[in-house]
Amino acid sequence: MMLIKTYLPNIFFLIFLFSALSSSGQIVLKDKKYRVDTKIFSQTDSAPLKMDIYYQGQITEKKPTLLFVFGGGFVLGRRDSKLYEPYFNTLIEHGFKVVSVDYRLGLKGKKFPTPFNTSSLRSAIDTATADVYKATDYMIKNAKTLGIDTGMIIISGSSAGAITALHADYNKRNATPLAAKLPANFQYKGVISFAGAILSYKGAPKYAVAPAPTMFFHGTADKLVPYNKVRLLNRGFFGSKYLAHRFRKNNYPYYFQYVQNMGHEIAGSPMAENLPDILWFIENYVVKHKRYFMDVDFKDADKKRTFNLSAAKKIAGN
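Here the structure is a predicted model, which is why all the values come from computation and not from measurement.

Conventions adopted
Residues numbered from 1 in each chain as written. Predicted model: local features only at pLDDT ≥ 70, side-chain atom pairs only at ≥ 80, totals over all residues. Heavy atoms only, no water. Axes fitted to C-alpha atoms, helices over the stretch in contact; angles between N-to-C directions. Helix = DSSP H or I, 4+ residues; strand = E, 2+ residues; numbered from the N terminus. Parallel < 35°, antiparallel > 145°, perpendicular 65-115°, else oblique. Left-handed = near helix turned anticlockwise from the far one by under 90°. Contact = heavy atoms within 4.5 Å. Nonpolar A, V, L, I, M, F, W, Y, C, P; charged D, E, K, R; others polar. Buried < 20%, exposed > 50% of the residue type's maximum accessible area, 1.4 Å probe, protein only. Polar contact = N/O pair within 3.5 Å; in protein donor to acceptor, adjacent residues only side chain to side chain. Pairing = 2+ DSSP bridges. Phe/Tyr/Trp six-rings, centres within 6.5 Å; stacked < 30°, edge-to-face > 60°. Lys NZ or Arg CZ within 6 Å of the ring centre and 35° of its normal.

Caption draft 1: Representation of the packing of helix H2 (residues 85–93) against helix H8 (residues 275–287) in the model. Here H2 crosses H8 at 45°, and the two axes come no closer than 11 Å. Put simply, H2 runs oblique to H8. Considering how the two elements wind past one another, H2 and H8 form a crossing that is right-handed. Every residue of H8 that contacts H2 at Pro 86, Tyr 87, Thr 90 and Leu 91 is listed here: Leu 275, Ile 278, Leu 279 and Ile 282. Its residues assigned to classes, the contact of H2 with H8 comprises 7 nonpolar, 1 polar and no charged.

Structure follows, in structure tokens:
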């Protein structure tokens, strides 16, 4: 195999630093009936890992749950960033619990990975995935007191969080040692990925057990998380376009919206602009088990890109 395309991961982190700075502030719940409880689900050497549980009614009331993983290049980010406010509020309004979790930032203070040395990125992804499994295990073990429907846990994430969410389902379906912490009979009910990808050292990603129905969003001009793929021999970073193609080829239900001429903005914008689509996906793919194979080609000729490489470099002092 040949190297198809080179993405510079250091630029990825600079850009997300730029986006994180522009989305400061905490989530505001739009209804006084909505509540948030915070729990510690794991104690690490550096700090406790916490989860925020958003809900309405009594916390013990059993409800379908979306487990959310924030973005930030495995360097920074917050589980309660204001960027996620419309997404969380909409899900609460429609009868879901939302559990937004911490995870260890495996690239914080580390050298940036390069196209020829992705070991640090792989370690960061595995660390984040392991922490998401700890959160999932906590939710399962405390399902009664937290009101979690363990048969209806959907996992979702943005950018680094989307990468982690895809890896969480991928490792669980393949019963890797990383997933051994979770019960053998547990699987995520669905995946919603905002600009995610799978890093594989064994060629194209393959599933021993069919993956959860997956909703992919990605910008065709994304230079940060690959829209299609980056590959060198058996190692590759496989983005939404490539994964959707593999899902179709293997008869796995999926929904893939690719946004023409947009970049990494799509790691965040669907959480405000595509809420009806997300609810439709959950209702049809997850609840009704529809076996749809959907590719949505979307373009907004009036929309301008908001990420800028040169601006991000200036912020980072490069």
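Caption draft 2: Looking closely at the environment of Lys 97. Locating Lys 97 in the fold gives a position in strand S4 (residues 97–101). You can call Lys 97 buried: its relative accessible area is 0%. Along the chain, Lys 97 and Ile 148 lie 51 residues apart, while their C-alpha atoms are 7.8 Å from each other. In this structure the side chain of Lys 97 is engaged in a polar contact, spanning 3.5 Å, whose partner is the backbone oxygen of Leu 146. In terms of polar contacts, Lys 97 uses its side chain to reach the backbone carbonyl oxygen of Gly 147, at 3.1 Å.

Caption draft 3: Examining the side chain of Thr 129 more closely. Following the sequence through the fold, Thr 129 ends up in helix H3 (residues 119–141). Take Thr 129: its relative accessible area is 0%, and that puts it in the buried class. Within the structure, Thr 129 has its side chain in polar contact with the backbone oxygen of Ile 125 (distance 2.8 Å). Setting aside residues no more than four positions away along its own chain, Thr 129 makes contact with Thr 164, His 167, Ala 168, Asn 171 and Leu 178.

Caption draft 4: Local environment of the pairing of strand S1 (residues 34–43). Sheet analysis places S1 next to strand S2 (residues 48–56), joined by 9 bridges and oriented antiparallel. Within S2, the residue paired with Val 36 across the bridge is Tyr 54. Here S1 folds back onto S2 in antiparallel fashion, the turn holding 4 residues.

Caption draft 5: Region of the structure containing the packing of aromatic side chains. In the structure shown here, the tally under the stated rule is 28 aromatic pairs. An aromatic cluster is defined as three or more aromatic residues linked by ring pairs; in this entry it consists of Tyr 54, Phe 68, Tyr 84, Tyr 87, Phe 88, Phe 194, Phe 217, Tyr 255, Trp 280, Phe 281, Tyr 285 and Tyr 292. Seen from the ring of Tyr 201, Arg 122 lies directly overhead, with NZ or CZ sitting 4.1 Å from the centre. Over the ring of Tyr 201 we find Arg 235; its NZ or CZ atom is 4.2 Å from the centre of that ring.

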